[in-house]
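So you can see what is in the structure, the chains are spelled out below.
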Amino acid sequence: MMKVNVLAFGIAKEIFNGSSAEIDLNEEATVSDLRTALEEKYPRLKQLASFMLAVNNEYAEGNDILQQRDEIAIIPPVSGG
């Protein structure tokens, strides 16, 4: 098992009730695994139209493998004009 820290921005801060969340994942977990774990721990995330995950300052694909030391951020949908 590994623990990853996920930074929250926008509405995600409200959902996490803070600026970050610690999530337990299996070794060799993917971005998709993290998304599933986040939605299980914070069901309100499912209500967002979409949210992106960034790993080490780059948007992450679902099959990207995560490392415990990665900097991970959840980026909620942005509205406005």
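Heads up: these notes are all about the structure in this document.

So, how was this worked out
Residues numbered from 1 in each chain as written. Predicted model: local features only at pLDDT ≥ 70, side-chain atom pairs only at ≥ 80, totals over all residues. Heavy atoms only, no water. Phe/Tyr/Trp six-rings, centres within 6.5 Å; stacked < 30°, edge-to-face > 60°. Helix = DSSP H or I, 4+ residues; strand = E, 2+ residues; numbered from the N terminus. Buried < 20%, exposed > 50% of the residue type's maximum accessible area, 1.4 Å probe, protein only. Lys NZ or Arg CZ within 6 Å of the ring centre and 35° of its normal. Salt bridge = Lys/Arg side-chain N within 4 Å of Asp/Glu carboxyl O.

Looking at the packing of aromatic side chains
Applying the stated criterion across every chain, the model contains one aromatic pair. With a centroid separation of 4.6 Å and an interplanar angle of 35°, the aromatic rings of F16 and Y42 are classed as tilted. Taken together, the residues span a long stretch of sequence, with F16 in helix α1 (residues 11-16) and Y42 in the loop between α2 (31-41) and β3 (52-55) at a distance of 26 residues. Residue class for Y42 comes out buried when judged on its relative accessible area of 14%. Positioned above the aromatic ring of F51, the side-chain terminus of R35 is 4.2 Å from the ring centre.

Quick look at the environment of K46
Along the chain, K46 falls in the loop between α2 and β3. Residue K46 is classed as exposed on the basis of its relative accessible area, which comes to 55%. The spatial distance from the C-alpha of K46 to the C-alpha of G10 is 15 Å, given a sequence separation of 36 residues.

Section: the pattern of salt bridges
Under the criterion given, the structure shown has three salt bridges. D24 serves as the salt-bridge partner of K3, at 2.8 Å between the closest nitrogen and oxygen. Note that K3 is positioned in strand β1 (residues 2-8) and D24 in strand β2 (residues 20-25), a separation of 21 residues in sequence. A relative accessible area of 40% means that K3 is categorised as partly exposed. Among the ionic pairs, R44 bridges to E14, the shortest N-O distance being 3.7 Å. Residue R44 is located in the loop between α2 and β3, and its partner E14 is located in helix α1; the two are separated by 30 residues in the primary sequence. Within this structure, K3, E22 and D24 form a network of salt bridges that share partners.

Describing unusual backbone geometry
Non-glycine residue E28 carries a positive phi angle of around 65°. Its place among the elements puts E28 in the loop between β2 and α2. The exposure class of E28 is exposed, given its relative accessible area of 55%. The phi torsion at N57 lies on the positive side, around 70°, for a residue other than glycine. In this fold, N57 is placed in the loop between β3 and β4 (58-59).

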